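The residues making up each chain are set out below.
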Amino acid sequence: MDISGKKTRERLTPKREPYWQRLKKGSYLGFRRGPDSWVVRHRGRDGAQVYHALGEGMDFDAAKTMAEGWLAQVAGSAVRRPKRGTVRQALEAYVADLKMQGREGTATEVEGRFKTTVWEDALAETVLETCTLEDVTEWRQRLRHGRQNRSVNRQVRAVLAGVRRAKQLGHVVNLDAFDVQPLVDDVEDDGETAIFLNPDQRTGLIKVAPPSLARFLRGLELSGARPSELASATVGDFTGDTLKLSHRKGRAAKLRTRFTVIAEEDAEFLKEQCRDKLPTALLFTEDGEARWRRFRWARGIQTAIKLHNKKARGAARIPPLASAYSFRHARISELLQIHAIDPLTVASQTGTSVAMIEKAYLRFIPNAMREKLKAVKEG
């Protein structure tokens, strides 16, 4: 029936079931007389009906607009039956999809991010299709406690990537709700945010860390690897004098692999980690079996920093914002500054670029090294 007119709706008899008006094949807008509320329904390709309450106190045009927005999400789904769950369920589907693609390392890292930033937040249990821009903005504001803007932006991008993929997998989501403008990154990207730990600081941190974390940090110290790279390294990746490391840095999903040369005195440490393990076993683990997860090593390092700083004084104290990445920063800067290794070799060994080394580490390189860097770039 036609429920577009206000007088027509006022003459309707109150009843439990809505009065329906067809919008298009399989899609209807309903009006429930009494509470004067609106509802929309859609029949999926599997024949099942799905319903969505629109609310009260609006005219026909406003209800129709809302209904059409919801139908665009449901009817445009790539699956037979749209999935209507919470933000957490959608992000869990994203993680499962990464694993199905064989991207176990990425899945573990992403899941660790979500456990730290989403699972314990109210946003996790918000129904995805009802999630609003205010919900996402308020969640982001809660994330800002103790984090720099660039770190918060990174977490938001991870969640956005998850819900986008969830939409492709059939979850009903209003992507506009996650279209928050990035926070202003008021720190210049010139390496100022990098925290470099000197040898004494690194030794002190490793000393107070639990054994499994201490071994992981020592591995970072001697390899200069990204934490996620080292967490994925297996026994078979170590040849005795080189360590195979892989990452998916950048937009492209292509796996980038390199072989990092390990000093003879450091190789003994890695050989010890390989002892009595199969080639497919991980070099470093949280507990003897589980792959290291970002939130686990992050929490462990923060605990170790607090423990170290209880007794440390002056320059021996470790900055509270130090992280696993600080070991990589220290390795790169020392290769350049102390060991005088040319930037091209350092870039190759650590999986970065000469341009990034110049941008982030130039202030740690002596004048002679700057001339070499200039020659490399010109060549």
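Residues numbered from 1 in each chain as written. Predicted model: local features only at pLDDT ≥ 70, side-chain atom pairs only at ≥ 80, totals over all residues. Heavy atoms only, no water.

Quick notes on the overall build of the protein
Okay, step 1: Looking only at helices and strands, the protein features 15 helices and six strands.
Okay, step 2: Residue burial in the protein is summarised as follows: out of 379 residues, 46% are buried.
Okay, step 3: Long-range contacts, defined as pairs at least 24 residues apart, comprise 57% of the intrachain contacts of the protein with a sequence gap of at least 6.
Okay, step 4: Only carbon and sulfur atoms are counted for the fraction: they give 50% of the accessible area of the protein, which is about 20500 Å². (Helix = DSSP H or I, 4+ residues; strand = E, 2+ residues; numbered from the N terminus. Buried < 20%, exposed > 50% of the residue type's maximum accessible area, 1.4 Å probe, protein only. Contact = heavy atoms within 4.5 Å. Areas by Shrake-Rupley, 256 points an atom, 1.4 Å probe, with all protein chains shown as cover.)

Examining the nonpolar core
Okay, step 1: In this structure, Leu205, Phe216, Leu217 and Leu243 are the most contacted members of the largest nonpolar core, which totals 35 residues.
Okay, step 2: Broken down by secondary-structure element, the contributors of at least two residues to this core are helix H7 (199-208), helix H8 (211-223), helix H9 (227-232), strand S5 (242-247), helix H10 (264-274) and helix H11 (294-309).
Okay, step 3: For this core, the leading source of residues is H8, giving six residues.
Okay, step 4: Excluding residues within four positions of it along the chain, Leu243 makes contact with Leu230, Ala233, Asp237, Phe238, Arg258, Phe259, Thr260, Ile262, Leu270 and Leu283. (Core = buried A, V, L, I, M, F, W, Y, C linked by side-chain atoms within 4.5 Å.)

A short note on the sheet that holds strand S2 (residues 27-32)
Okay, step 1: What the four strands build is an open sheet, ordered S1-S2-S3-S4; its pairing is antiparallel. Only two strands of the sheet have a single partner each, and these edge strands are strand S1 (19-24) and strand S4 (49-56). The average angle at which neighbouring strand axes cross in this sheet is 25 degrees, direction not considered.
Okay, step 2: Across seven bridges, strand S3 (residues 37-43) lies against S4 in antiparallel orientation. Across the sheet, residue Val39 finds its bridge partner in S4, namely Ala53. (Pairing = 2+ DSSP bridges. Axes fitted to C-alpha atoms, helices over the stretch in contact; angles between N-to-C directions.)

With respect to the layout of surface pockets
Okay, step 1: In this structure, the second largest pocket encloses a volume near 210 Å³.
Okay, step 2: Around the second largest pocket, the lining residues are His52, Ala53, Leu54, Met66, Gly69, Trp70, Gln73, Glu129, Thr130, Cys131, Thr132 and Asn174.
Okay, step 3: Looking at the lining of the second largest pocket, the elements with two or more residues in it are S4 and helix H2 (60-75).
Okay, step 4: Of the residues forming the lining of the second largest pocket, the biggest block, four residues, is contributed by H2.
Okay, step 5: Counted by class, the lining of the second largest pocket contains five nonpolar, six polar and one charged residues. (1 Å grid on protein atoms, 1.4 Å probe; cavity = no way out; pocket = protein on both sides within 12 Å on 5 of 7 lines; lining within 4 Å. Points joined across faces, edges and corners; volume = space filled by probe spheres on them. Nonpolar A, V, L, I, M, F, W, Y, C, P; charged D, E, K, R; others polar.)

Structural notes on the environment of Ala233
Okay, step 1: Among the secondary structure elements, Ala233 is positioned in the loop between H9 and S5.
Okay, step 2: Along the chain, Ala233 and Thr280 lie 47 residues apart, while their C-alpha atoms are 9.2 Å from each other.
Okay, step 3: Other than its neighbours up to four places away in sequence, Ala233 contacts Leu243, Lys244, Leu245, Leu282 and Leu283.

Regarding unusual backbone geometry
Okay, step 1: Positive phi, close to 50 degrees, is recorded for Asp36, a residue that is not glycine.
Okay, step 2: As for its position among the elements, Asp36 is in the loop between S2 and S3.
Okay, step 3: Look at Asp36 and you get partly exposed, because its relative accessible area is 28%.
Okay, step 4: Its identity as a non-glycine residue notwithstanding, Asp276 has a phi of 60 degrees, on the positive side.

Focus: the packing of H7 against H11
Okay, step 1: Their axes nearest at 9 Å, the elements H7 and H11 cross at an angle of 110 degrees. One way to sum up the angle between H7 and H11 is to call them roughly perpendicular. Where H7 abuts H11, its residues Gly204, Leu205 and Val208 lie against Ile301, Ala304, Ile305, Leu307 and His308.
Okay, step 2: By residue class, the composition of the contact of H7 with H11 is six nonpolar, two polar and no charged. (Parallel < 35°, antiparallel > 145°, perpendicular 65-115°, else oblique.)

Some details on H10
Okay, step 1: Buried within H10 we find Asp266, Ala267, Phe269, Leu270, Gln273 and Cys274. Projected onto a plane normal to the axis of H10, the buried residues spread over an arc of 155 degrees and lie on a single side. Turned more than 90 degrees from where H10 packs its buried face, Glu264 and Glu265 sit exposed.
Okay, step 2: Where H10 is buried, its residues touch H8 and S5.
Okay, step 3: Looking one or two residues past H10, Asp276 carries a phi angle of roughly 60 degrees, positive in sign. (Arc of directions from axis to C-beta.)

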